[in-house]
Amino acid sequence: MLHDFTSTVLLLVAGLFPIINPPGAGFIILSLVPGGTSAQRAELARRVALNSFVILLASLSIGAYVLAFFGISIPVLRIAGGIVIGSAGWKLLHSPHDDKKGHEPPQVEGSDREALRVQAFYPLTLPITVGPGSIAVAIALATGFPREGPTLAHASAVGTALLILCVSIYLCVRFAANVERLLGAVGSQVAMRLFAFILFCIGVQIFWLGLSELIAALNAK
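Residues numbered from 1 in each chain as written. Predicted model: local features only at pLDDT ≥ 70, side-chain atom pairs only at ≥ 80, totals over all residues. Heavy atoms only, no water.

Novice: Just give me the short version of a nonpolar patch on the surface, but keep the residues and values in it.
Specialist: Judged by side-chain polarity, Ile62, Tyr65, Val66, Phe69, Phe70, Ile72 and Val76 come together as a nonpolar surface patch covering roughly 760 Å² of accessible area. Looking at which element gives the most residues to the nonpolar patch, the answer is helix α3 (residues 38–70), with five residues. Within the secondary structure layout, valine 76 lies in helix α4 (residues 74–93). The class for valine 76 is partly exposed, based on a relative accessible area of 39%. (Patch = residues over 30% accessible without salt bridge, like charges linked within 9 Å, V, L, I, M, F, W, Y side chains within 5 Å. Areas by Shrake-Rupley, 256 points an atom, 1.4 Å probe, with all protein chains shown as cover. Salt bridge = Lys/Arg side-chain N within 4 Å of Asp/Glu carboxyl O. Helix = DSSP H or I, 4+ residues; strand = E, 2+ residues; numbered from the N terminus. Buried < 20%, exposed > 50% of the residue type's maximum accessible area, 1.4 Å probe, protein only.)

Novice: Tell me about α4, and name the residues and values.
Specialist: Between its first and last C-alpha atoms α4 spans 28 Å; for 20 residues at 1.5 Å apiece the expected length is 28 Å, and the two agree. Among the residues making up α4, those that are buried are Pro75, Leu77, Arg78, Ile79, Gly81, Gly82, Ile85, Gly86, Ala88, Gly89 and Leu92. Tucked into the core, α4 has its buried residues touching α2 (22–32), α3, α6 (124–129), α7 (132–142) and α9 (176–220). (Expected span 1.5 Å × (residues − 1). Contact = heavy atoms within 4.5 Å.)

Novice: Would you mind going over the packing of helix α1 (residues 2–20) against α7 in detail, with residue names and values included?
Specialist: When two helices pack together, you describe them by how their axes are tilted relative to each other and by the distance separating the axes. Taken N-terminus to C-terminus, the directions of α1 and α7 make an angle of 165°; their axes are 9 Å apart at the nearest point. Viewed along their axes, α1 and α7 adopt a mutual orientation that is roughly antiparallel. Remark: the crossing between α1 and α7 carries right-handed chirality. Of the residues in α7, those in contact with Leu11, Leu12, Gly15, Leu16, Ile19 and Ile20 of α1 are Gly133, Ser134, Val137, Ala138 and Leu141. Considered class by class, the residues forming the contact of α1 with α7 number eight nonpolar, three polar and no charged. (Axes fitted to C-alpha atoms, helices over the stretch in contact; angles between N-to-C directions. Parallel < 35°, antiparallel > 145°, perpendicular 65-115°, else oblique. Left-handed = near helix turned anticlockwise from the far one by under 90°. Nonpolar A, V, L, I, M, F, W, Y, C, P; charged D, E, K, R; others polar.)

Novice: Residues and numbers for the packing of α3 against α7, please.
Specialist: Two numbers describe how α3 lies on α7: the axes approach to 8 Å, and their chain directions differ by 75°. One finds that α3 runs roughly perpendicular with respect to α7. Counted together, Ile55, Ser59, Leu60, Gly63, Ala64 and Leu67 of α3 and Ile135, Ala138, Ile139 and Ala142 of α7 form the full contact between these two elements. A per-class count over the contact of α3 with α7 returns eight nonpolar, two polar and no charged.

Novice: So what about the environment of leucine 93? Which residues, and what values?
Specialist: Here leucine 93 is to be found in helix α4. The class for leucine 93 is partly exposed, based on a relative accessible area of 22%. Considering only alpha carbons, one finds leucine 93 and leucine 199, 106 residues apart in sequence, at a separation of 9.2 Å. Setting aside anything within four residues of it in sequence, one finds leucine 93 in contact with Arg193, Ala196 and Phe197.

Novice: Give a detailed account of the packing of aromatic side chains, specifying residues and quantitative values.
Specialist: Under the definition given, this model contains two aromatic pairs. Taking the centre distance of 5.1 Å and the plane angle of 90° together, the rings of phenylalanine 69 and phenylalanine 70 count as edge-to-face. For the pair shown, phenylalanine 69 and phenylalanine 70 are each scored as exposed. Judged by centre distance (5.5 Å) and plane angle (50°), the rings of tryptophan 90 and phenylalanine 200 are tilted. With a gap of 110 residues between them, tryptophan 90 in helix α4 and phenylalanine 200 in helix α9 connect regions that are remote in the sequence. (Phe/Tyr/Trp six-rings, centres within 6.5 Å; stacked < 30°, edge-to-face > 60°.)

Novice: Which residues make up the nonpolar core, and what values go with them?
Specialist: With 49 residues, the main nonpolar core has Leu16 and Leu44 as its most contacted residues. The leading source of residues in this core is α9, at eight residues. Ignoring anything within four residues of it in the chain, the contact list for leucine 44 reads Ile29, Val33, Leu116, Ala120 and Leu124. (Core = buried A, V, L, I, M, F, W, Y, C linked by side-chain atoms within 4.5 Å.)

Novice: Tell me about the environment of alanine 49, and name the residues and values.
Specialist: Locating alanine 49 in the fold gives a position in helix α3. For the pair alanine 49 and leucine 162, spaced 113 residues apart in the sequence, the C-alpha separation amounts to 10.0 Å. Excluding residues within four positions of it along the chain, alanine 49 makes contact with Cys166, Ile169 and Tyr170.

Structure (structure tokens):
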């Protein structure tokens, strides 16, 4: 029982953490919402972490059934997700530098609580933090779950893994501004551009994985 618990936790965390990339998501969210207060960042971090938990849990539990119901294949999901993620990364990568002339990246005004709540789900949670790539991986991991149905050890392991992932998301989003102050203006811009480029590359990679699977399926016929 302990072995099953540990192996499931490690499988989910190791499979999803690199794709979710909480540190990168924290910096990207900071670039999109640069003017929030500490309290607003804490609320935003809670909402993004909670939204991420719900999306990942739904993907692990019923994601495959939802895709089957609508007739959507994993390759198509990856292609669509790759386009969305790549587009978001491209826009961030080419967003104007925040300088004395007042240019700044797309943002949500910190005083607009309703707009901040809407943005907390889209695009800050989906697809910036938990995108189609993470959903596709979660669905793929779910296919290896016990066929005899969920056990106590398995359910506990899934909950623990999602808790670890969402706590890391919360901490990275909540304290991204603190890290920015430590890095300084130049270091923060370098980090944000780097993570934006990584996000764009992830989108291209996810798109290519889906496209190659479709091409392979056509050749098999």
